Amino acid sequence: MKNFKYIAIAALGLVACEPELDNSVEDAGFYSSGDANLSKFVSVGNSLTAGYADGTLYVAGQNNSFPNILAGQFAKAGGGIFKQPLVNDNVGGLLLNGTVSDLASNRLILDESPLGIMGPAPIAGTPSTEISNRLVGAFNNMGVPSVKSYEVAESGLGALSNVNTFTAPAYYSRFASSDTSSILDDAMAQAPTFFTFWIGSNDVLLYALHGGDGVDQLGNTDTNTYGQEDITDPTVFADSYTAALQTMTSGGAKGIVCNLPSVTDIPYFTTVPYAPLDPTNPDFGPQIPTLNGIFGQLNQVYAFLGFPERSIVFSETAPSAVVIKDETLVDLSAQITAVLNANPGFPAFVQSFGLPAAASPIVANLLGTTYGQTRQTNANDMLVLPSSGVIGTVNETSVSNLMTLGLPEALAIQFSAEGITYPLEDKWVLIPMEQTLVANAQSAYNTTIKSLADADDNVAFVDMQAFLNQLNNGGISYDAGVVTSTYASGGGFSLDGVHPTARGYSLIANIMIDEINSSFNATIPKVNPAYYPTVYID
Amino acid sequence: MKKLLSFVLFFLAGSTLYAGGYRVSIQGQKQLAMGHTGVAVISSAESVFFNPASISFLDGKMNFSLGVSGIIGETRFENKTHGIAENTDNPLGTPFNAYATYKANDWLSFGLAVYTPYGSSVEWEKDWAGSHLINDISLKAIFVQPTIALKISDNLSVGGGFIYANGSVEFNKNLNRNLTDTDGNRANVTVEEKGISAYGYSLGVMIKPTEKLNLGFNYRSKIIMEVEGGDADFQNIPDDLFDPSTGAQTNLADGKFDAELPMPAEITVGLSYEFCEKFLFAFDYNFTQWSEYEALTVVFDNDAGVSVSPRNYKDAETIRFGLQYEAHKKVTVRTGIYFDESPVQDGYFAPETPRNDSVGYTAGLSYKINDKLSIDASFLYLHFEEIDNSYDHYQENGQNVSFGGTFKSSVIAPGLGLSYKL
């Protein structure tokens, strides 16, 4: 009998061995979803929803997409499983019919250059994600990189034929339910009980990313005539957005919508200074006197024609602005050529470069056409991030053009230095007029988004514009530092300068959780941004 | 017996709860069953550990004891701010002991002890929320203690032993909370060393003022396990890792490390009292000089440099009560309780030794197979209250970052042994 007693004590001990807290976070009801039902969560949006970072989609990035982070926290308050259409690797890029496609690039990482300098560079490796190899099943994350507002409801957007012709956001092809489905169809087929809907950035961003090379389609509501890099007409945006949001809420789902952060506040536009030419650079500094001598001739012409503000001068002591082509300027090509040809001293100037005096008309014409619509950048211009890899390099097209005109190669090269002797093309810079178009469109879109959210109690509103402003002005602190929008080192933006890092996405997830908690009386716990990586190092 | 037990429990109700560090107090099945008392108990070869002096008073020419326990321990961690819930998946700990005594003549006895007083096996889920502090640790130490005891009179003996300790350590943690390679695998380091040797001693005094009352004293010296040139294996480190503040390349190639871990001195005083012929009551008081453990300092030979993790342990006490009853000519039953104070202070609650104060409930019995051989069974249930605590001395980006939440541990340890008397 005594033995029995001890066996009983032993059994008691075994039962008690599993340590349990009195009030566990895993107890039902510990966290509440409040008035929201998180059991079927679907996210509709663009690259920001897909988890795009460092210039591409890759698995590690997708795992840290804000919807996936949200779903992880939702699971603590009644949320269900969350499936994402993952790519195949951590290289990024896409294959189309077995061939590496221009549709996407390898992911950017911080890498050591041959000169020992750390900088962004594409990761080594060959993409293995075949775009034509369609994933089967329903996906909670319906984020499609580069999709625009009017495309989310477009049937057949994912047909492979669209991918081949570069007319549609490629990645939807990989997980569309059929060749005739739309993104919204696929989202609604899952009968979401909760959603995030964050769309519209690409309606203006793609224009800005390409330095305003596209067209502002203000007043044109025929989207069939739009190019990828155009600005969507705000009426088109409002109609598409309203209809899409109505669809999203039609089954009684609650959800979150987000406005659009100021496109031109992202590091892609704020990193390269308007005066990036460093006189201490051995490739540039020693050339400055010669350059100023040549441009001195041109500057006299500008003054004579009444446009002294177009003068091009490089400082020997301070960083200088680059020379750009500004299509909003009056074209002075013919006048410049005429003035130079009329100048009796011009042939001697031409001869000083080792050219025959007879070449004077050709050189006059060349200077006229090259500098007829140019100026140096000022503090109001925004050089895009990729321009940093172009400024100061030799434009090979220009070199061969100049050699065709009879210039010796050395001279042709000297007159083909990007941003110095060869004006930067429109795509490398967003000039104030283009910035205004971008800001106007974005502001119109945001007005639409806010008013729709305000009108529907089932829709909570997250102010992403305020979020980016905060990153730009002092940053957002976490337990081991501050996240800012500073390129590469700030922690908020990935190496493409457009998309957040995993840490940036975790902050986005947190402000969404805050909004859900306050709008829908929920108590969903937030994540700690410290656990999310920033830029990846080779 | 019931009366006495309730008296003891009542007496203790007002006292604080007590536990400790990486000390594993399972050094004999008989004594464990009595709340791991024993400094003043004369019963078996287990005494070589509990009090070297007491082997002078053992019956028989030779005594042997052999035993092993299985420690099944688990810790729960939860953080309410972020909704984190984790459990350790600790491997079974198996502290063992082997003791022998030999009475050379009336006043001179020899003993030999092999036991495992320190150890820790904690395994959290890889890359869990506290992985920047620990993923897993395995700490083992075997003590070998040749002992000599002198009976000065029928009321007094003294004894002492030399301790040779042999230890091994394996410890893995992530370098910080977010560094990964380009595939997202967390950067981590494993430090490992086997065959670490160290030395110490144990001294004891046993006084028998009356036939029924024993008073005992034991001092076990501190032993510092020093690692020189252990292996440091760095995993998933970016090739081009650099220091963002200086731009300099950071070399985290695999290399060597130096470190030391103290096994602190322990002082024990206690008494035992026989009553009603068949009962034995024992009381031990342990004082462990844990304040020796100020920091876990690991010196790497690469750019990881010197890693200092403050521990700031405090000295800790354990109070133990045990009771033995010869229920039958073949069966002796035992029970005990102890209150183990944790040396871990608030703000230093590192998940590698998630120990707060605990109460140990013990029980066991011996069954005599014949006059010489008996089987000893023991059982320990270590009860921990749940505790809200944190480790506040981890640094990231030059600032202290707290890791904490609610912890609750639970340990059971069934054990089995053999005693043999010649």
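Residues numbered from 1 in each chain as written. Chains lettered and ligands numbered in written order. Predicted model: local features only at pLDDT ≥ 70, side-chain atom pairs only at ≥ 80, totals over all residues.

Description of the overall build of chain B
Regarding its fold elements, chain B presents three helices and 22 strands. Rg of the C-alpha trace for chain B: 23 Å, near the compact-globule value of 22 Å for 422 residues, within the 12% margin. Referenced to the eigenvectors of the C-alpha coordinate spread, the extents of chain B come out at roughly 75 × 40 × 35 Å. The burial tally for chain B puts 50% of its 422 residues in the buried class. (Helix = DSSP H or I, 4+ residues; strand = E, 2+ residues; numbered from the N terminus. Rg over C-alpha atoms; globule rule 2.2 N^0.38 Å. Buried ≥ 20, exposed ≤ 12 C-beta atoms within 10 Å, placed from the backbone.)

So, the pairing of strand S1 (residues 41–45) of chain A
Residues and elements named next belong to chain A. Summarising burial for S1: five of the five residues are buried, a large majority. Residues of S1 alternate between two faces, with Phe41, Ser43 and Gly45 on one and Val42 and Val44 on the opposite face, all of them buried. Pairing between S1 and strand S7 (residues 194–198): five bridges, direction parallel. Counted as the bridge partner of Val42 is Phe195 from S7. The sheet contact formed by S1 and strand S6 (residues 141–143) spans three bridges and is parallel. Along S6, the bridge assignment pairs Gly45 with Gly143. (Pairing = 2+ DSSP bridges.)

Some thoughts on the nonpolar core
Within soluble globular proteins, side chains that are nonpolar tend to cluster in buried spots. Residue and element names in this part refer to chain A. Of all hydrophobic cores here, the largest spans 148 residues; its most connected members are Val44, Ile183, Val384 and Met512. Considering each element in turn, this core owes the most residues, ten residues, to helix H19 (residues 502–520). Counting residues domain by domain, this core receives three or more from each of domain 1 (41–271 + 432–531) and domain 2 (285–430). (Core = buried A, V, L, I, M, F, W, Y, C linked by C-beta atoms within 7 Å. Domains from an automatic or database assignment.)

Quick word on the domain arrangement of chain A
Many descriptions give the size of an interface as the accessible area lost when the pieces come together. Residue and element names in this part refer to chain A. Structurally, chain A comprises domain 1 (41–271 + 432–531) and domain 2 (285–430). Its C-alpha centre places domain 1 at a distance of 40 Å from the equivalent point of domain 2. Taken together, the contact between domain 1 and domain 2 spans 16 residues of the former and ten residues of the latter. Within the residue set of the side of domain 1 that touches domain 2, elements represented by two or more residues are helix H8 (202–209), helix H10 (267–270) and helix H17 (432–454). Per element, the largest residue contribution to the side of domain 1 that touches domain 2 is four residues, and it comes from H17. Here the residues of the side of domain 1 that touches domain 2 sort into seven nonpolar, seven polar and two charged. (Contact = placed C-beta atoms within 7 Å. Nonpolar A, V, L, I, M, F, W, Y, C, P; charged D, E, K, R; others polar.)

Thoughts on the pairing of strand S2 (residues 72–79) of chain B
Residue and element names in this part refer to chain B. Across seven bridges, the pairing between S2 and strand S22 (residues 399–421) is antiparallel. The partner of Glu74 across the bridge, within S22, is Ser410. Across four bridges, S2 lies against strand S3 (residues 84–87) in antiparallel orientation. Bridged to Arg76 within S3 is Asn87. Between S2 and S3, which follow one another and run antiparallel, lie four residues, and Gly83 among them has a positive phi close to 70°.

So, the interface of chain A and chain B
Counting residues at the interface gives 42 residues for chain A, matched by 40 residues for chain B. Among the secondary structure elements, those contributing two or more residues to the side of chain A that touches chain B are helix H1 (2–16), helix H3 (59–63) and strand S4 (108–112) of chain A. Ranked by residue count, the leading element in the side of chain A that touches chain B is H1 of chain A, at seven residues. Tallied by class, residues from the side of chain A that touches chain B come to 23 nonpolar, eight polar and eleven charged.

What to know about the packing of H8 of chain A against H17 of chain A
All names here are of chain A. Contact geometry for H8 and H17: axes closest at 9 Å, N-to-C directions at 165°. Judged by the angle between their axes, H8 and H17 are roughly antiparallel. Considering how the two elements wind past one another, H8 and H17 form a crossing that is left-handed. Facing H8, whose interface residues are Asp203, Val204, Tyr207 and Ala208, H17 presents Val438, Ala441, Gln442 and Tyr445. Looking at the contact of H8 with H17 residue by residue, the classes come out as six nonpolar, one polar and one charged. (Axes fitted to C-alpha atoms, helices over the stretch in contact; angles between N-to-C directions. Parallel < 35°, antiparallel > 145°, perpendicular 65-115°, else oblique. Left-handed = near helix turned anticlockwise from the far one by under 90°.)

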